[in-house]
Amino acid sequence: DAKTTQPTSMDCAEGRAANLPCNHSTISGNEYVYWYRQIHSQGPQYIIHGLKNNETNEMASLIITEDRKSSTLILPHATLRDTAVYYCIVSLGGGADGLTFGKGTHLIIQP
Amino acid sequence: GAGVSQTPSNKVTEKGKYVELRCDPISGHTALYWYRQSLGQGPEFLIYFQGTGAADDSGLPNDRFFAVRPEGSVSTLKIQRTERGDSAVYLCASSSPPVADTQYFGPGTRLTVL
């Protein structure tokens, strides 16, 4: 079973910031938080990951709470192409294990 | 550069038949993963290869499912005596740990068992 809890769906207006929450209250000290997204009929795409510090890349920012029990993925200026299912995943990292996906959050960007 | 490719993109077969699904990982990636995705669900891990060997096959649902990677590059997922419940999208991913453990996914093979 997935070790994360996410809302089933969310809407966001185009051009606004999309904030996707994730709860992972049973995360272990050596586990990372990964975010992937899946656009309809495509394979999942990596977005970002972090251990305990906040992270930012060209796609998104990841904010992890101090107790590491939850995190938020932020898409700063959402576009229609960001409509997808977003998966929050807890993993040991290092490429040594398969990823455990939940059902994710279906983010719909409204024009 | 080329990403992960999977063939065929679609496969329709009859119950009881044998099928093979192929995955070509990104060149140089040592790790290869297979997942299965049913409609409305997230991908489900099946098996992970590091080089030629299966490092973790705990996700294979039963002994009808088998995967190989004989030369440490291309992998084939084999399903014997297919059942209607095997219908799903089969996804392959590759990565290059420990330099980068990001998994790069292919487009998947949609398997339909009639």
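Just so you know, these numbers come straight off a predicted model, no measurement behind them.

About the thresholds
- Residues numbered from 1 in each chain as written.
- Chains lettered and ligands numbered in written order.
- Predicted model: local features only at pLDDT ≥ 70, side-chain atom pairs only at ≥ 80, totals over all residues.
- Heavy atoms only, no water.
- Helix = DSSP H or I, 4+ residues; strand = E, 2+ residues; numbered from the N terminus.
- Rg over C-alpha atoms; globule rule 2.2 N^0.38 Å.
- Contact = heavy atoms within 4.5 Å.
- Areas by Shrake-Rupley, 256 points an atom, 1.4 Å probe, with all protein chains shown as cover.
- Pairing = 2+ DSSP bridges.
- Core = buried A, V, L, I, M, F, W, Y, C linked by side-chain atoms within 4.5 Å.
- Buried < 20%, exposed > 50% of the residue type's maximum accessible area, 1.4 Å probe, protein only.

Novice: Would you mind going over the overall build of chain B with me for this structure?
Specialist: Each helix and strand in chain B was counted, giving zero helices and 11 strands. For chain B, whose C-alpha radius of gyration is 13 Å, the value lies close to the compact-globule estimate of 13 Å for 114 residues. Counting only C-alpha atoms and orienting by the principal axes, one finds that chain B spans roughly 40 × 25 × 25 Å. Sequence-distant contacts, at least 24 apart, represent 53% of the contacts inside chain B between residues at least 6 apart. As displayed, chain B offers around 5500 Å² of accessible surface, 49% of which is attributable to carbon and sulfur atoms.

Novice: Any chance you could explain the pairing of strand β7 (residues 70–75) of chain A here in plain terms?
Specialist: Looking along a regular strand, one sees side chains alternate from face to face of the sheet. Residues and elements named next belong to chain A. Pairing analysis gives six bridges linking strand β2 (residues 18–23) to β7, with the strands arranged antiparallel. Across the sheet, residue N19 finds its bridge partner in β7, namely I74. Counting the residues that bridge the hairpin from strand β6 (residues 61–64) to β7 gives five residues, and of these R68 lies at a positive phi of roughly 65°.

Novice: For this particular structure, what's the right way to read the nonpolar core?
Specialist: Nonpolar side chains tend toward joint burial in soluble globular proteins. Grouped together as the largest cluster of nonpolar side chains are 21 residues, with contacts concentrated most on W35, L73, Y86 and L107 of chain A. Those elements that provide at least two residues to this core are β2, β3 (32–38), β4 (45–50), β6, β7, β8 (84–91) and β9 (105–110) of chain A. Excluding its chain neighbours within four sequence positions, the residues that come into contact with Y86 of chain A are Q6, L20, W35, Y36, R37, I47, L73, L75, G104, T105 and L107 of chain A. Core analysis: the second largest hydrophobic core is formed by 20 residues, V19, L21, W34 and C92 of chain B among them.

Any link to function would need more than the numbers given here.
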